[in-house]
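In case you want the letters, here they are:
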Amino acid sequence: MKPATVKAIKNELSAYGFISPFLLIFTVLVVVPVVTAIYLSFTDFNSIQTPKFIGLTNYVNLITQDNAFMMYVLPNTLKFALLVGPGGYLLSFWLAWLLAQIPRRSRTVLALAIYSPSLTAAVAMAVVWLVIFSGNASGYLNHFLMSLAIINEPIQWTQSPHYLMPIMVTVSLWNSMGVGFLAMLAGILNINGEMYEAGYIDGIRTRLQEVWYITIPSMKPQMLFGAVMAVVGTFQAGAIGVQLSGANPTPQNAGQLMVNHIEDYGFLRYDMGYASAVSVVLLIIVYGFSKLCWRLFGESD
């Protein structure tokens, strides 16, 4: 064997040695659970007895027998995702762009204030918001509306199917300024100022044109990262509705999302096979939306 070939093999082995810890962790924490969930979705498994292979029965039942899933869970999940995902994404970009226009010291303080809610668990955030949306007269919102004579008696905000979803969207938007927001802020701040000067020489006249023709194209990697994080975070949400309403399923399934449906069947009814089938469907939906983000913001070769 030639010395050059031996050296190339050693370099390859060294490279694999450096990435082997990541590959091991990725395999154990991601690949193995996903493969296991896909296998269990084809079985009848109550988490105690040995899984029994039943083919596509779980998927057929999900589409044809699970009325709650088709009538409430799937529409609620898509509605919630389309409101919180793009809404939180656009809000993150807008706030990042606004912060980039102010001095550094003020920007640091405001960025920390905006980012800090995402550091707190959704359960804790639900407790904070429950004080506002409490269903008795001492709740902040009820007290405020009653003091203005807008309502005569307290409204059960988190128990009403009319108000639960809007409250979930509001709380989730407030809590959505996470790492995607920081990535966008970093992307905007790292754009070369000379590009804006060249743009104004070439005919750009307004700030909107500046954002559309220079800012967004110059930070596509950060836009892509923020979009993927928004998609994954939105579809993973679900605890907020259960914590606000105090029940799973939520009242009249008004705030029931796919994550809640998985928890309901997997950990309350102990039907792990069916819960795995729902999780696989959720994985496919998230993958589809992620591919859409890649097509919108991915670099074309």
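Under the annotation held in an unreviewed UniProt entry, the protein carries the name Carbohydrate ABC transporter membrane protein 1 (CUT1 family) and is attributed to Paenibacillus taihuensis. Its UniProt record, at the heading Subcellular location (unreviewed entry), says of the protein: "Cell membrane". Looking at the protein in UniProt, the text filed under Sequence similarities (unreviewed entry) is "Belongs to the binding-protein-dependent transport system permease family."

Caption draft 1: Fine view of the UniProt feature "transmembrane region" (unreviewed entry) in the protein. Following the UniProt record, one finds the feature "transmembrane region" (unreviewed entry) at residues 21-42, 80-100, 112-132, 163-189, 224-247 and 267-289. Annotation note: span residues 163-189, helix share 81%, strand share 0%, distance between end C-alpha atoms 39 Å. Taken as a whole, residues 224-247 contains 83% helix and 0% strand, while its terminal C-alpha atoms sit 35 Å from one another.

Caption draft 2: Spatial organisation of the environment of A277. Position of A277 relative to the elements: it lies in helix 14 (residues 272-297). Separated by 217 residues in sequence, A277 and V60 have C-alpha atoms that sit 9.9 Å apart.

Caption draft 3: Examining the packing of aromatic side chains more closely. Under the defined criterion, the tally for this structure stands at seven aromatic pairs. The interplanar angle of 25° and the centroid separation of 5.8 Å between the aromatic rings of F22 and F26 together place this pair among those described as stacked. Of the two residues, F22 and F26 both sit in helix 1 (residues 3-40), four residues apart, roughly one turn of that helix. Seen from their ring centres, F235 and F289 are 5.3 Å apart, and the 45° between their planes marks the pair as tilted.

Caption draft 4: The arrangement of the packing of helix 3 (residues 67-99) against helix 8 (residues 179-189) in detail. As a packed pair, helix 3 and helix 8 sit with axes 9 Å apart at the nearest point and diverge in direction by 40°. Regarding the angle of helix 3 to helix 8, the classification is oblique. Crossing of helix 3 against helix 8: the hand is right-handed. Here Y89, S92, F93, L95, A96, W97 and L99 of helix 3 lie close against helix 8, whose contacting residues are F181, M184, L185 and I188.

Caption draft 5: Structural context of the environment of T158. Within the fold, T158 resides in the loop between helix 6 (140-147) and helix 7 (164-174). Measuring from C-alpha to C-alpha, the distance between T158 and I216 comes to 38 Å, with 58 residues separating the pair along the chain. Contacts of T158, omitting those with residues within four sequence positions, involve L130, F133, L164, I167, L244, S245 and P251.

Caption draft 6: Just the pattern of salt bridges, in detail. Applying the stated rule across the entire model yields two salt bridges. A salt bridge links R207 to E210, with the shortest nitrogen-to-oxygen separation between them at 3.4 Å. Remark: E210 and R207 occur in helix 10 (residues 207-218); sequence separation between them is three residues, near one turn of the helix. On the basis of relative accessible area, R207 is assigned to the partly exposed category, the value being 38%. Here D264 and R269 are joined by a salt bridge, their closest N and O atoms 3.0 Å apart.

Caption draft 7: Looking closely at unusual backbone geometry. At the junction of N248 and P249, the peptide bond is cis and its omega measures out at 10° in the coordinates. Following the sequence through the fold, P249 ends up in the loop between helix 12 (239-245) and helix 13 (258-268). With phi around 65°, A149 is a residue other than glycine that occupies positive phi space. Of note, A149 is situated in the loop between helix 6 and helix 7. The exposure class of A149 is exposed, given its relative accessible area of 60%. A positive phi angle, near 55°, is found at Q252, a position not held by glycine. Structurally, the position occupied by Q252 is in the loop between helix 12 and helix 13.

Parameters at a glance
- Residues numbered from 1 in each chain as written.
- Predicted model: local features only at pLDDT ≥ 70, side-chain atom pairs only at ≥ 80, totals over all residues.
- Heavy atoms only, no water.
- UniProt positions renumbered as here; feature names shortened; annotations may be inferred.
- Helix = DSSP H or I, 4+ residues; strand = E, 2+ residues; numbered from the N terminus.
- Phe/Tyr/Trp six-rings, centres within 6.5 Å; stacked < 30°, edge-to-face > 60°.
- Axes fitted to C-alpha atoms, helices over the stretch in contact; angles between N-to-C directions.
- Parallel < 35°, antiparallel > 145°, perpendicular 65-115°, else oblique.
- Left-handed = near helix turned anticlockwise from the far one by under 90°.
- Contact = heavy atoms within 4.5 Å.
- Salt bridge = Lys/Arg side-chain N within 4 Å of Asp/Glu carboxyl O.
- Buried < 20%, exposed > 50% of the residue type's maximum accessible area, 1.4 Å probe, protein only.

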